[in-house]
Amino acid sequence: MAAAVASIGIMDGAYFVGRGELLHWINATLQLSLAKVEEAASGAVQCQLMDMVHPGVVPMHKVNFDAKTEYDMIQNYKVLQDVFNKLRIGKNIEVNKLVKGRPLDNLEFLQWLKRYCDSVNGGIMNENYNPVERRSKGCKERGSKGSNKSSKSLQANRLSGSDSADGGPGVGKVCNTFAEEHYIEQIQQLSVKIADLKVSVDTMEKERDFYFSKLRDIEILFQRPELEHLPMTKAVRKILYAADEKDSPLPDANDIITRSPGLFSDEAQ
């Protein structure tokens, strides 16, 4: 079921669920008050929706509902991707687009997620699930772990301070300077890679939009009453609405045309 939902086509009914219906579903399910779909761009809402349909699979203590920076949001999507991997859900999460808060990208992902949630247990809600309690519990666990890390870090700093004093003046400073230079170099290299990736993503987005508009034009054209009954129309629709990414619909489309021997002669007349 997960694999089937992950590969639904762009013309599937799931992608025609409106913003209002989607927001109502999210707010009612998780007891939230979202006004826009892009308010879910941090990935925390998506994590909790998966927590609702698959109790115990999502480590809620790692989910940051206060995420504001892209870095914090990406951490949430890493949690979500790990959950997808555990459940063998072959859905690609386009993190770079989602964290930008673009309405359309977030809308499409939430539409897909609603379709997935509806497919689990026949869409029946877990009446024992308390979304507010799960959120607060996750925040408390995350906060306590953060406090432990901070105290350990302070202890390590004290120890390193005493070691540098024993090792002679300036030893700690030299090590810190070397480490800083190393990290700066790494950051610069990563920044160049990120810039290249952004260019590639922008190019692919333009190509996607271009070809999508062409497919949409074809779909609208074949909706004309005088064309709907034609075998060629049926063959093209077979390709347009194919949901399975692995098996090509082309053989079935060819078969439709082959079983209509008078196709071209009828059209010529």
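In short, a report on the structure. (Residues numbered from 1 in each chain as written. Predicted model: local features only at pLDDT ≥ 70, side-chain atom pairs only at ≥ 80, totals over all residues. Heavy atoms only, no water.)

**Considerations on the side chain of Asn-27**
Inspection of the secondary structure puts Asn-27 in helix H2 (residues 19-30). Engagement of the side chain of Asn-27 in a polar contact is seen with the backbone nitrogen of Ser-33, the distance being 3.4 Å. Polar contacts involving the side chain of Asn-27 include one to the main-chain amide nitrogen of Leu-34, which spans 2.7 Å. (Helix = DSSP H or I, 4+ residues; strand = E, 2+ residues; numbered from the N terminus. Polar contact = N/O pair within 3.5 Å; in protein donor to acceptor, adjacent residues only side chain to side chain.)

**Digging into the side chain of Thr-29**
Within the secondary structure layout, Thr-29 lies in helix H2. Within the structure, Thr-29 has its side chain in polar contact with the backbone oxygen of Trp-25 (distance 2.6 Å). Apart from residues no more than four positions distant in its own chain, Thr-29 is found in contact with Leu-49, Met-52, Met-125 and Pro-131. (Contact = heavy atoms within 4.5 Å.)

**Quick word on H2**
Counted at 1.5 Å a residue, the expected span for H2 with its twelve residues is 16 Å, and the 16 Å between its end C-alpha atoms agrees. Turning to H2, its buried residues are Leu-22, Leu-23, Trp-25, Ile-26, Asn-27, Thr-29 and Leu-30. Gln-31, located one to two residues past H2, shows a positive phi value of around 55°. (Expected span 1.5 Å × (residues − 1). Buried < 20%, exposed > 50% of the residue type's maximum accessible area, 1.4 Å probe, protein only.)

**Quick word on the pattern of salt bridges**
This structure, assessed with the given rule, holds eleven salt bridges. With its nearest N and O atoms 2.9 Å apart, the salt bridge here joins Asp-51 to Arg-134. Taken together, the residues span a long stretch of sequence, with Asp-51 in helix H3 (residues 44-53) and Arg-134 in helix H7 (residues 131-167) at a distance of 83 residues. By relative accessible area, which is 1% here, Asp-51 ends up buried. Between Lys-100 and Glu-70 there is a salt bridge; the shortest N-O distance is 3.3 Å. Residue Lys-100 is located in the loop between helix H5 (95-98) and helix H6 (103-119), and its partner Glu-70 is located in helix H4 (residues 70-86); the two are separated by 30 residues in the primary sequence. A residue is classified by how much of its surface remains accessible, and Lys-100, at 39% relative accessible area, is partly exposed. (Salt bridge = Lys/Arg side-chain N within 4 Å of Asp/Glu carboxyl O.)

**A look at the packing of aromatic side chains**
One pass over the full model with this rule turns up four aromatic pairs. For the pair Phe-210 and Tyr-211, a centre-to-centre distance of 5.1 Å together with 80° between the ring planes defines the contact as edge-to-face. Of the residues examined, Tyr-211 reaches a relative accessible area of 52% and is grouped as exposed. Among the aromatic residues, ring-to-ring pairing joins Phe-84, Phe-109, Trp-112 and Tyr-116 into one connected group. Above the face of the Trp-25 ring, Lys-114 is positioned so that its terminal group lies 5.5 Å from the ring centre. (Phe/Tyr/Trp six-rings, centres within 6.5 Å; stacked < 30°, edge-to-face > 60°. Lys NZ or Arg CZ within 6 Å of the ring centre and 35° of its normal.)

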